[in-house]
Structures are given as C-alpha cells and as structure tokens.
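# Examination of the molecular architecture
Below, each chain spelled out in residue letters.
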Amino acid sequence: EKEKEKEMQKETKGFMIRLHDTAKSPGPARRASALSFLQGTASPPNKENGGLASADQSRRPSSADTPAPATRPTQLQQGTTFKNMLQRDDLLEDNSSESDAIGRYFWVMMTELLVLLWEPEKQNERLIVMTTRLHGWGIRTKHLPTIGEAIGEACRRVLKNDWSSIMQDGWTWWWGVTSKQMAKTLYVCEQDHARIITQSWELCKERSSTLQLGELFFKELNRMAPHIMFLFKRPKIIQAAQFVAVVDALVAFVEEPEAFFEGFKALTIRHIKYGVKAEYAKAFGKSILFGIETTLAEAFDDETREVWQMLWMRASSCVARALNVGTNPVVVSLVQGDVDKMRDSINCSERGLRFEWLTNVDINGESISPIYWSLKDGNIAMVKFLVADLLTIRADREMYYYGREVLFDRHPDIVLKLCQECPDVLIDTLLQGLMWHSKEVEDGQLRVNYYIQDLYCDPDKEPDVWKQTLAVLVTEGHPRMFAHPVARKLLEVKWKRFGRNYFLIVQSVYVLILTLFMIGHVEHRHECSYQPIRYVTGSFSVLFTCAQAAVCFRHFKNGWIANNEILFNAPVPSWIADTSNVMRLLSLFLISISSFVDCCDCTEDWLEGTHNGKYVVCMGMNSVAGIILWGVLMQSLVLSTRLASLTYTLGLFGREILRNLVVVLVFVCSFGTALTALKQEHCSTFLLAIIHLARFVLGVDHQAISFVDPLGLLFLFGFIIVVVVGMFNILIAQMLGSVAQVAEATVGFAMQHQASICIHMESIMPMSWRKEIYGEMKFDESVTFDSGHAGPSGAIQEMEPASIRNSAYYFPDRVLRFTGDTSPKDPWPTTNLEDSSAQETARIAGKTSSPAL
C-alpha cells in the first residue's frame with residue numbers, strides 16, 4: 001500500500017507539473033477551454049477578448065449557458081475519463097490526457113480564487129463549489145499536500161529567476177489557507193454527509209407535517225430570541241412553509257452548493273429588506289436543530305447531530321456574510337427608507353465613486369439598483385433624491401461631475417419605469433435634471449443646454465424605435481409630459497431632422513392618389529374615357545400597398561410587434577398598430593379593386609334605375625375609400641401645433657363614437673329580434689327590422705306604421721328611451737368630457753400626436769440613415785457653459801428667448817462649484833454640500849410641480 005501511495009503521489013505530482021506547459025504553450029484558447037470546463041460548459045471562447053472569459057462570467061454563468069444536468073461534471077459516472085468530459089470542446093486536441101484536464105482545471109481555479117483574494121468570504125463560497133466538484137473527480141484530502149507542492153513547483157518553473165523567497169512564503173501561506181478550507185469540504189464529501197442529511201430530513205417530513213415542524217421551530221425561536229419575533233408577521237401556515245423551504249435550501253447546500261448560492265442571492269435580498277441581521281443567524285440555527293432533533297427523537301444520534309451542526313456552521317458563515325451587507329449605510333438607508341440618512345451616507349463617498357454608490361448596491365454578488373429598490377418599495381421621495389443627486393452638475397477646479405451617463409447606462413429603461421410607476425418624478429426630476437440655463441442674456445437670448453443624448457437613443461444600442469424614449473413617452477406617458485422643454489426639444493430635433501420630411505413625402509403620395517381618385521372615380525365616374533386614369537390610380541395604389549406590406553414584413557422580421565385596438569388588441573406589426581395606417585391600407589386596397597373593374601357597360605343601367613350588382617359594389621368601395629382618403633389627409637394638420645391638437649381631438653371623438661355605435665348596434669339587434677318575433681308591420685324578417693330601426697334612429701325617411709300591438713309598442717318605446725335618448729346623451733356627455741380633458745393639455749396632446757407620427761416615420765428609415773443622423777448630432781463633443789470652457793458632453797446647445805426666465809423650469813447656472821482639493825478620492829466639501837447641493841437636489845426634485853398625472 002505504501003508503494004501504491006508513493007506511485008500515486010508521483011503520478012499526481014507529474015500531471016500537476018504540466019501546469020508549466022498549460023501556462024506557456026497552448027495559449028489563451030486552451031485556458032478559455034478549461035474555464036468553460038470549470039463551469040460545466042464547453043462553449044467556444046470569446047474571440048473579442050482573446051478567448052479569456054471575464055471574472056464575472058467565470059463566477060456567475062448565466063442559466064442559458066449551463067448545460068443539462070446530465071452533462072455536469074459533478075454527475076458523471078464513475079470511470080468516465082477527463083478526456084471524455086471535454087470531448088465536446090472543439091479546441092481540445094486528440095492527444096489530451098487526464099493530467100492535461102486536471103492541470104488546466106487547477107489553472108483556472110487558482111486564477112479565479114486569486115481574483116477573490118481580498119474577498120475571503122466570496123473566495124470561500126467559490127472554493128466550496130469547486131472542491132465539491134473535485135471530489136466527484138476523485139480528489140481526496142490526502143492529495144492536497146501533493147497538489148500544493150506541484151502547483152508551487154509549476155510556478156517556480158514558470159517564473160524561474162524571478163521566483164523569490166518572499167513569493168515562496170506568500171504561496172505557502174495562501175495554499176495553507178486554501179487547502180484548509182478545501183479539506184473541510186472534502187471531509188464532508190468523504191464522510192457522505194449529503195446522504196445522512198437527506199435521509200434524516202426526509203424522515204422528519206414523514207413523521208411531522210409542515211405546520212407541526214413550523215410550530216416546533218417558532219416556539220423554540222420565541223424562547224431563545226423573543227426580540228426577533230417581530231419579523232414573523234405572516235400566518236402560521238405560510239411561516240411554517242417558509243421554515244421547511246429554508247431547511248430544503250440547507251439540504252441543497254450540501255448536495256449542490258452552486259445551486260444553493262444562486263438561490264441564496266434572492267433570499268438574502270428579501271431578508272435584508274425585512275430587517276434581518278447577521279446576529280440573528282445563531283438563534284435561527286439552534287431553533288432549526290432543535291426542531292429536527294425533537295422530530296427525529298431516537299433517530300437523532302451523535303453522528304446525525306455532528307453532521308447537522310457542521311452543515312449549519314458552514315452555511316451560517318455564508319448567511320452572516322451576506323446579511324452583513326445590510327449594515328452598509330446605503331443599504332440601511334434603503335431598508336429604512338430614510339432620505340436624510342441616505343444623504344449623509346452618500347456625502348461620505350469619494351467624489352469619483354459617488355455615482356457608483358447611487359446606482360449600485362452589491363448584495364451577495366447580485367448588483368441591485370437603489371433607484372429600482374426604492375421604486376419597488378414605493379418610496380418616491382428616495383427615488384427623487386437619488387435621481388436628482390445623480391443629475392446635479394458639480395465641478396471642482398479640474399473637471400465636472402455629472403451622473404447622467406451613469407444613470408442611463410445602469411438604468412436603460414428608467415424612462416419606461418418612471419412613466420408606468422411615478423410620472424411626476426419623470427417630469428419634475430429626471431427631465432428637469434437634463435437642462436442647464438445660462439444666467440447671461442445675449443441680444444435678448446440666453447444659452448440652454450439640453451442633455452438629450454440618452455433620450456435620443458443610439459440606433460446601434462437600441463435599433464427598435466418603439467423602445468426608444470420618444471416612443472415610450474407616446475405609448476406609456478401622459479400628454480402633459482410633452483409640455484416639458486426637454487421632451488419638446490427631443491421631439492423638435494427628430495421632427496426637423498427627418499420626421500417632417502418623411503411625413504411630407506408619404507402625404508404627397510396620398511395627395512396624388514386622392515387627386516387621381518377624385519378625377520377618375522368621383523367627378524367622371526360614369527365616363528369610360530377616364531378609365532386610363534382609373535388604371536393609373538389603381539397602379540399607384542397597388543404599388544404603395546406593396547410598399548407598406550414590405551414595411552410590415554420588416555417590422556415583423558425585426559420583432560417590432562404591438563397591439564391594435566380596432567383589431568381587438570391583436571398583435572400585429574407596429575406599422576399597422578396605428579389606426580391611421582390601417583385606414584391607409586384599407587383605402588388603397590379598395591381603390592386597387594375598384595380601379596380595375598370595368599363598369600362602363602353598367603352606367604346606363606344604373607342611370608335607368610336598374611341595379612347592377614358589380615356597379616353597386618364598386619361605388620360602395622369608392623365611397624368608403626373617399627371618406628378614408630380625406631380623413632387621412634387631415635393628418636397633415638400635424639404640421640401646425642394648434643391644428644394638430646384639433647386632429648387629435650377629432651380622433652378622440654371618433655373612438656368614442658365607434659365604441660358607442662357598437663353598443664347601439666347590440667340594442668338595435670336585440671329590439672329588432674323582439675319586433676320580428678311579434679311579426680310587427682315592416683318587420684317580417686330580422687334584416688327588415690334592423691333596417692327599419694336604423695332609419696328610425698337616424699331620422700331618415702322610413703315607412704309609417706299603421707298598427708302596432710301593445711307589446712310591440714312597449715318595445716318601440718323602450719328602444720327610443722335606451723337608444724335614441726339614453727345612448728346619444730351618454731355619447732354627448734363623453735364627448736364633452738373629452739373636450740375638457742383635451743383643453744387641459746392642448747399642446748401636450750398635439751406634441752404627443754406629432755411624436756407618434758415621427759416614430760412611424762423613423763421606423764421606415766434605413767438603419768444607415770438613422771446612424772448617420774445620430775452621428776451628425778455630435779453628442780460626444782463637450783458643450784460649453786457661459787465662461788466658454790468645455791462642460792459635460794451629450795447635449796445640444798440652443799439660444800432661447802430670454803422670456804423663458806419666467807418659466808417654472810428655469811434655473812440659472814445650476815452648476816455647483818467647489819474650491820479646494822481636486823482629488824477624485826476626496827468627498828465633496830460637506831459645508832457647501834449640505835447647503836448648495838441639498839438645495840439643488842431639492843430644487844430638481846421638487847421645484848416644478850406639474851399637475852398630478
């Protein structure tokens with residue numbers, strides 16, 4: 001046995017020395033292959049970074065990259081070689097051996113653990129996962145000294161003369177700490193703790209119900225730590241189920257530690273919000289062990305007790321580390337929802353890290369936004385403070401600090417979130433923080449910087465126009481938002497640069513078709529000599545219909561899908577989600593059919609009173625198409641703000657009328673059915689009854705009724721009350737309410753309607769043109785202030801009339817300037833910060849008080 005042990009050590013030492021070859025000859029591609037193997041996947045390396053995955057990718061692989069459990073190294077059957085484990089990797093050479101795989105695995109393992117050298121708690125978590133996997137591959141506690149010696153030898157060979165005694169001491173210390181932690185995990189695996197824990201816990205659940213287990217736990221916890229019982233406010237059944245879920249998670253910790261740590265992140269975040277502290281873990285663990293011991297009784301022997309105690313000792317250290325994040329002043333402020341504490345906490349940060357503190361909190365490896373945290377908790381005051389502080393422009397003697405770019409990089413959907421959950425913050429805080437006004441008047445004008453780069457949206461980053469800020473303001477926002485100068489400037493820039501020109505081109509095509517239609521289908525509809533004009537009209541209609549169909553196909557291909565109201569919210573390409581575009585397509589379709597139907601031989605019959613079916617259909621299609629074409633032409637009124645508001649109002653009225661007509665139609669059908677069943681005069685059939693009631697409602701010439709029996713008279717009276725009196729008065733009331741609604745924000749409605757058209761025009765533009773226009777904006781260049789020196793980039797500068805100083809949105813030169821040391825590692829001076837900065841953030845957050853949305 002001693003000879004076999006020596007041979008094993010010799011072999012182990014030999015394949016570990018191959019780290020020298022792994023580090024020197026194969027290059028980064030092989031290291032990337034090993035890194036993929038470490039995470040249980042064989043995906044090819046990223047060519048953009050030379051084949052090396054990032055630290056985040058190596059520590060936290062996405063679920064999409066994780067293969068099915070059958071391919072995980074931890075679940076491979078005994079006897080499977082390491083070469084077979086890596087056979088899916090195309091980068092692996094045919095002559096690779098088991099020692100190559102082990103060597104590359106330890107190479108990546110060392111690299112990742114050394115990245116976490118200054119975070120020992122996280123390093124320990126990763127070590128638990130890696131060591132559990134190593135045990136499945138045959139590594140045991142007795143191998144650790146040899147492995148450490150082999151890795152040290154590989155390092156000495158790689159560094160050669162650069163290797164020093166200090167390095168040797170450092171390596172010895174680090175491997176001693178690492179191997180000690182690895183030995184603990186290997187001991188658990190070698191003693192088969194997973195089997196003991198799983199069997200004992202299953203026995204607990206067999207002997208007692210979830211409610212009984214929960215009662216045992218809570219009674220013991222209440223006895224040991226009554227001061228923490230305020231955390232448990234839910235019904236006993238729910239709390240008991242949560243207790244069982246916690247123990248299930250502990251069982252998963254010993255079986256699949258990687259899965260435990262992934263689920264542990266969300267659990268930690270939730271409990272930090274509840275106010276759970278790290279010191280509560282001890283009492284919690286003892287209560288769990290008491291409940292299990294009481295349930296198992298004689299089955300809870302010394303071995304089972306030792307196993308469960310060791311499990312909780314290992315797991316609680318991870319729990320305590322994660323919960324200790326809750327002692328971070330920023331996290332404490334978020335949990336308590338205290339804006340003043342948050343301000344004090346942020347004032348302690350380095351000026352170079354202030355934006356990082358405001359936009360990111362790391363909890364157990366999970367990056368969380370304080371803004372979204374507060375938004376989810378409904379703490380609007382905290383959201384206002386965080387956004388306002390980020391958008392406050394500060395300056396020392398060397399540079400400007402403006403958190404606009406960080407805010408939108410970390411929260412690309414912040415406009416959508418604020419539109420849906422707290423629109424007041426969007427108007428009063430976010431948009432207000434994207435402006436700078438000069439205090440110096442030049443020839444009756446003053447400079448205004450509009451920082452709209454992130455609102456404009458780079459087509460390379462967001463190609464979908466319906467996910468850009470302007471579209472979000474149209475679909476999710478309120479028209480009052482367009483009353484803000486920043487939103488209006490964003491629309492103005494897009495409208496003048498491409499929206500207006502594209503709209504005029506589209507409308508000119510419809511004007512041409514309308515002109516030809518009026519000549520060939522309306523004025524000279526009975527003259528066969530104008531048939532060529534009708535053919536030309538039809539050809540244009542078919543051509544433009546195909547063009548719109550191509551646009552719809554492009555939108556469908558790109559996944560630009562939206563719901564159409566008139567089609568019962570059916571998902572359709574975004575182009576035809578707009579009612580006006582649907583009407584355009586319908587009118588072109590009708591004209592395309594009627595234009596190629598030769599009705600010249602039907603004209604005389606029609607004039608003589610003979611109804612030719614083909615001619616009747618053609619004239620009907622022409623009449624509908626004519627109404628639609630003139631209605632679509634009204635969109636041209638959007639070129640004027642006042643006329644655009646009128647167009648929007650008419651569209652609002654049209655929707656109200658359409659909804660009411662649907663209800664009227666139902667009533668007409670119901671009363672028509674009753675009159676038909678009674679065989680009343682002129683109502684012998686259901687269709688005749690419908691026509692008779694429709695004429696009666698519209699007041700057009702209808703046949704007089706000479707006799708009506710009492711029941712029929714009752715139905716007619718009810719019809720008059722419900723439809724003629726009731727529904728039409730309701731319609732009038734709704735229209736009056738719509739007028740009042742529109743009158744409150746006429747400009748906003750007009751701008752929103754114009755923005756909707758601008759979005760549709762942008763959606764039909766080639767991507768290359770969109771990129772070219774964005775490049776012409778020159779957002780990367782710094783924009784000057786009054787003094788002429790370069791300020792933050794991402795803005796356009798406009799000369800506005802000095803009369804805007806009377807606006808509620810005006811605030812002169814809102815830059816906060818500080819003297820003294822300019823080191824990014826120093827916090828901002830608190831004396832000025834508490835006065836000027838607090839006033840500035842408060843002003844951005846609340847100076848403008850728009851009406852409640």
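Reference entry: report on the structure contained in this document. (Residues numbered from 1 in each chain as written. Predicted model: local features only at pLDDT ≥ 70, side-chain atom pairs only at ≥ 80, totals over all residues. Heavy atoms only, no water.)

## Some points on the overall build of the chain
Scanning the chain from terminus to terminus reveals 36 helices and 12 strands. In the chain, once contacts between residues fewer than 6 apart in sequence are set aside, the share between residues at least 24 apart is 73%. A total accessible area of about 42,300 Å² is found for the chain, and carbon and sulfur atoms account for 58% of it. (Helix = DSSP H or I, 4+ residues; strand = E, 2+ residues; numbered from the N terminus. Contact = heavy atoms within 4.5 Å. Areas by Shrake-Rupley, 256 points an atom, 1.4 Å probe, with all protein chains shown as cover.)

## Re the packing of aromatic side chains
Applying the stated criterion to the full structure yields 19 aromatic pairs. Aromatic pair Trp436 and Phe785: ring centres 4.7 Å apart, planes at 50°, arrangement tilted. Within this pair, whereas Trp436 is found in strand E5 (residues 435-437), its partner Phe785 is found in the loop between strand E9 (782-784) and strand E10 (790-793), the two being separated by 349 residues in sequence. Accessibility classification places Trp436 together with Phe785 in one group, the buried group. Judged by centre distance (5.8 Å) and plane angle (45°), the rings of Tyr456 and Tyr774 are tilted. Residue Tyr456 is found in helix H24 (residues 453-456), and its partner Tyr774 is found in helix H35 (residues 767-776); the two are separated by 318 residues along the sequence. Here Tyr774 falls in the buried class, since its relative accessible area comes to 15%. One aromatic cluster is present, built from ring pairs that chain together Phe217, Phe218, Phe243, Phe284 and Trp312. The aromatic ring of Trp828 is capped on one face by Arg351, whose charged end is 4.2 Å from the ring centroid. (Phe/Tyr/Trp six-rings, centres within 6.5 Å; stacked < 30°, edge-to-face > 60°. Buried < 20%, exposed > 50% of the residue type's maximum accessible area, 1.4 Å probe, protein only. Lys NZ or Arg CZ within 6 Å of the ring centre and 35° of its normal.)

## A look at the pattern of salt bridges
Enumeration over the complete set of coordinates arrives at 25 salt bridges. Of the charged contacts, one joins Glu112 and Arg126 as a salt bridge, the two residues approaching to 2.9 Å between their closest N and O atoms. Of this pair, Glu112 sits in helix H6 (residues 98-115) while Arg126 sits in helix H7 (residues 120-136), placing them 14 residues apart in sequence. The buried category is assigned to Glu112, whose relative accessible area is 4%. A network of salt bridges, in which partner residues are shared, links Lys489, Glu492, Lys496 and Glu800. (Salt bridge = Lys/Arg side-chain N within 4 Å of Asp/Glu carboxyl O.)

## Remarks on the sheet that holds strand E3 (residues 394-395)
Strand order in this open sheet of 3 strands is E4-E3-E12, and the pairing throughout is mixed. Both outer strands of the open sheet, strand E4 (400-401) and strand E12 (816-817), are each paired with one neighbouring strand and no more. Across 2 bridges, the pairing between E3 and E4 is antiparallel. What sits directly across from Arg394, in E4, is Tyr401. (Pairing = 2+ DSSP bridges.)

These values are about where atoms sit, not about what they do.
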